[in-house]
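Structure assessment
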Amino acid sequence: MEKFSNGLTLFFSLLVEAIPFLLIGVAFSSLLLFFVNERTLIKFLPKSPLLGALAGSLMGVFFPVCECGNVPVARRLILQGAPSSVSIGFLLAAPTINPVVFWATWVAFRDQPEIVFLRVGFTLLIAVTIAWVFSHQRDMRPLLQPAVARQMPKLRPPSAPANPLLRSGTFLMRSDGTPLKLDDPSAQSLIASPPAQPMVVKLQLALDNMVQELKELGAVLIMGSAIAAFVQVAVPREWILALGQNFVTSILAMMLLAAVVSICSTVDSFFALSFAATFTTGAQLAFLVFGPMIDLKNIGLLLTVFKPRAIFYIFVLAAQLCFILTLFMNFYVS
Amino acid sequence: MSVKRPRKPATAPRKGSTAWYRQSKLLDVLVLLAWSLVLFRYWITGKLFLLLHPDYMWLANGAAIVLLVMAGFKLVQKQTIARDTAGHTTLLPPQVSSFILLAVAVVALIYTPQAFASDAAIQRGISDSLTLTRSQPQRFVRQTASEDRTVIDWVRTLNVYPEPDAYTGQSVKVSGFVIHPDDWPEGYLMLSRFVLTCCAADAYPVGLPVQLAVSRQAYAPDTWLEVEGKMVTATIGGQRQLTIEPTKLETIPEPRNPYEY
């Protein structure tokens, strides 16, 4: 009974901590939907897969969301037709490479600044690599949940010129001379609304979208937090920590802990701090780099976008790269 | 000859869509309102202290306000848009999501969070070797009067200089809850506190041994005690440890904020 009570307290504490960040995430995602033009966004993105991956990874600087908030934004990017390298790069790097998280890590590891910079560096390296790998999958659709794939804009042939007028589909010419693609879901809802007060209507649509995303991602977050709370209560933390004294197992243990605890990236550095003396530097880095990319709570959210197969690829790639990099740290640097 | 029945349209029937819209809008408002209430309840009753580090409380409080505002907007919003429900991305059907959110919010409104107690401390592995210290050197104020130190201050100090004899005779006044570690003799109990770095999910216990003149059964686990006394060194379970020899042991009510940071 006590255990059940502890589990519930843990569960609500995870939720109370994550809900504000989820709110920030869906707010950014909704604003992105209605105030950022798909074409403008994609026009600014580099065409090369590698540069696209880099750009996507660095986009987190403008969207300070943690890993509960980045999934809605990444999904929006995919729906708006951003290249796979950009959206995957964003998905993996944004929770770490953003001002809020950088600041939090800086506060926590003030006397070990190398951890702060290595965290950013390793995350960037891993995110760009994985995004680059995924960019070879030109059509993302087979990796996406069917419902997401259906909403994606039609794939443009690779030879299509940048000129949006030459794209296939039905367009309307707007008063300012720009075309509006009709089969774009956001355009459809925009057309369906009276054009008299565009700002008010846009805000209303943004609110609607926010509520809808909050509802579905909130429910998923609840299930993820429930699992994380259950594992924490049922598995003694000592078991996980007992693994973690040597160079190799300490990294594996911290990666496992990161996946299990499912703590928000904005606050995980404070948590990692509590292992600062018992664990190797590499292990702490593994926790800080791997946790924001993949964790139990986050897998639920990812399932709203990707098929399990794609999540498995991302998971395996991220885990291996993270392991190798931090192992290198342990053996040769610290 | 049987005629194939025409398949039902995938989209919700437009007929009666106003009623459907009103219903689903009401559900949205309820979900938002319920979660806003949950957060407001934690805020007002102070139970947020059991769940979050005070540094992050403004986030939860802000979320409570934002959710309330959203619920308000949603309530007064007129049906302006024909909502496209057919193609929306969902892992769960929207009704199921709303139901889960509402159900959990109701549980959160009924259930009062409990501060972690001795069983959680034992399960999480209590230690007197706190590892948090290194990165918060500003907390080591050598001049602190020894009786002003909290349990965690003591453990931090011990971490820097672990020799228990160095502290012998210093006066001490700390409060915490009682743990009966299994492998300790009857004459000792542990006075413990949970340390929080961000939320209850990462709470971990630290503690100091207390030497008793009587059996520890006089102080049940989870009782909150304020202990005044002197520091001594005792060998407990084959390990030399800094131990409190109390001159005064007083039962106190559980503090509003049971954690330390």
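Everything below is about the structure shown above.
Here goes a summary of the coordinates provided. This one's a predicted model, so the numbers in the text were calculated from it and none came from an experiment. (Residues numbered from 1 in each chain as written. Chains lettered and ligands numbered in written order. Predicted model: local features only at pLDDT ≥ 70, side-chain atom pairs only at ≥ 80, totals over all residues. Heavy atoms only, no water.)

Looking now at the overall build of chain B. A count of helices and strands for chain B gives six helices and six strands. Listing every helix and strand of chain B by position from the N terminus yields α-α-α-α-α-α-β-β-β-β-β-β. Buried positions account for 49% of the 261 residues belonging to chain B. For chain B, contacts bridging at least 24 residues in sequence account for 71% of all contacts bridging at least 6. (Helix = DSSP H or I, 4+ residues; strand = E, 2+ residues; numbered from the N terminus. Buried < 20%, exposed > 50% of the residue type's maximum accessible area, 1.4 Å probe, protein only. Contact = heavy atoms within 4.5 Å.)

One pass over the structure, following the stated rule, counts three cavities of 30 Å³ or more. Forming the boundary of the largest cavity are 13 residues, of which Ile19, Leu214 and Gly218 of chain A together with Trp35 and Leu101 of chain B lie nearest the centre. Where the lining of the largest cavity is concerned, the elements lending two or more residues are α1 (2-35) and α10 (198-234) of chain A together with α1 (17-45) of chain B. Tallied by class, residues from the lining of the largest cavity come to eleven nonpolar, one polar and one charged. (1 Å grid on protein atoms, 1.4 Å probe; cavity = no way out; pocket = protein on both sides within 12 Å on 5 of 7 lines; lining within 4 Å. Points joined across faces, edges and corners; volume = space filled by probe spheres on them. Nonpolar A, V, L, I, M, F, W, Y, C, P; charged D, E, K, R; others polar.)

Moving on to the nonpolar core. If you look at the biggest cluster of nonpolar residues, it comprises 144 residues, and the most contacted ones within it are Phe12, Ile88, Leu144 and Phe306 of chain A together with Trp35 of chain B. Of the residues forming this core, the biggest block, 14 residues, is contributed by α1 of chain A. When we break this core down by domain, the ones giving at least three residues each are domain 1 (17-82 + 91-110) and domain 2 (118-260) of chain B. Ignoring any residue separated from it by four or fewer positions in sequence, one finds Phe12 of chain A in contact with Tyr42, Leu51, Val104, Val107, Ala108 and Tyr111 of chain B. Judged by nonpolar contacts, the second largest core, of 23 residues, contains Val195, Val206, Val210 and Ile244 of chain B. (Core = buried A, V, L, I, M, F, W, Y, C linked by side-chain atoms within 4.5 Å. Domains from an automatic or database assignment.)

Residues and elements named next belong to chain A. Inspection of helix α3 (residues 49-58) places Gly52, Ala53, Gly56 and Ser57 among the buried residues, and these make up the whole buried set. The buried side chains of α3 occupy one side of the element, clustering within an arc of 135° when seen end-on. At its buried positions, α3 is contacted by α5 (84-93) and α7 (113-135). (Arc of directions from axis to C-beta.)

Residues and elements named next belong to chain B. Positive phi, close to 80°, is recorded for Asp222, a residue that is not glycine. Its place among the elements puts Asp222 in the loop between β3 (204-211) and β4 (224-236). Among the residues examined, Asp222 registers a relative accessible area of 31% and is labelled partly exposed.

Glancing now at the pairing of β4 of chain B. Remark: a regular strand shows side chains that alternate across the two faces of the sheet. Residues and elements named next belong to chain B. For strand β1 (residues 171-179) and β4, the ladder comprises seven bridges, and the chain directions are antiparallel. Residue pairing across strands places Val174 opposite Val227, the latter belonging to β4. Two strands pair when backbone bridges link them, and β4 and strand β5 (residues 239-251) are joined in this way by twelve bridges, in the antiparallel orientation. The residue bridging Met231 from the neighbouring strand is Ile244, located in β5. Between β4 and the antiparallel strand that follows it, β5, lie two residues; Gly237 among them carries a positive phi value of about 55°. (Pairing = 2+ DSSP bridges.)

Taken as a whole and assessed by the stated rule, the structure comprises eight salt bridges over all chains. In this structure, the salt-bridge partner of Glu186 of chain B is Arg216 of chain B, at a minimum N-O distance of 3.6 Å. Placement of the pair is Glu186 of chain B in the loop between β1 and β2 (188-195) and Arg216 of chain B in the loop between β3 and β4, with a sequence separation of 30 residues. Bridged by salt links that share partners, the residues Asp208 and Lys215 of chain A together with Asp28 and Lys74 of chain B form one connected network. (Salt bridge = Lys/Arg side-chain N within 4 Å of Asp/Glu carboxyl O.)

Turning to the packing of aromatic side chains, a few remarks are in order. Residue and element names in this part refer to chain B. Scanning the model with the defined rule gives 14 aromatic pairs over all chains in all. Among the aromatic residues, ring-to-ring pairing joins Phe116, Phe177, Phe194, Trp224 and Tyr259 into one connected group. The positively charged end of Arg149 is found above the aromatic ring belonging to Trp154, 4.7 Å away from the centroid. (Phe/Tyr/Trp six-rings, centres within 6.5 Å; stacked < 30°, edge-to-face > 60°. Lys NZ or Arg CZ within 6 Å of the ring centre and 35° of its normal.)

A word on helix α16 (residues 308-333) of chain A. With 26 residues, α16 of chain A should reach 38 Å at 1.5 Å per residue; the first-to-last C-alpha distance of 36 Å fits that figure. Close packing links the buried residues of α16 of chain A with α5, α7, α12 (247-261), α14 (281-293) and α15 (296-302) of chain A. (Expected span 1.5 Å × (residues − 1).)

Note that all results are geometric; they support no functional claim without further evidence.
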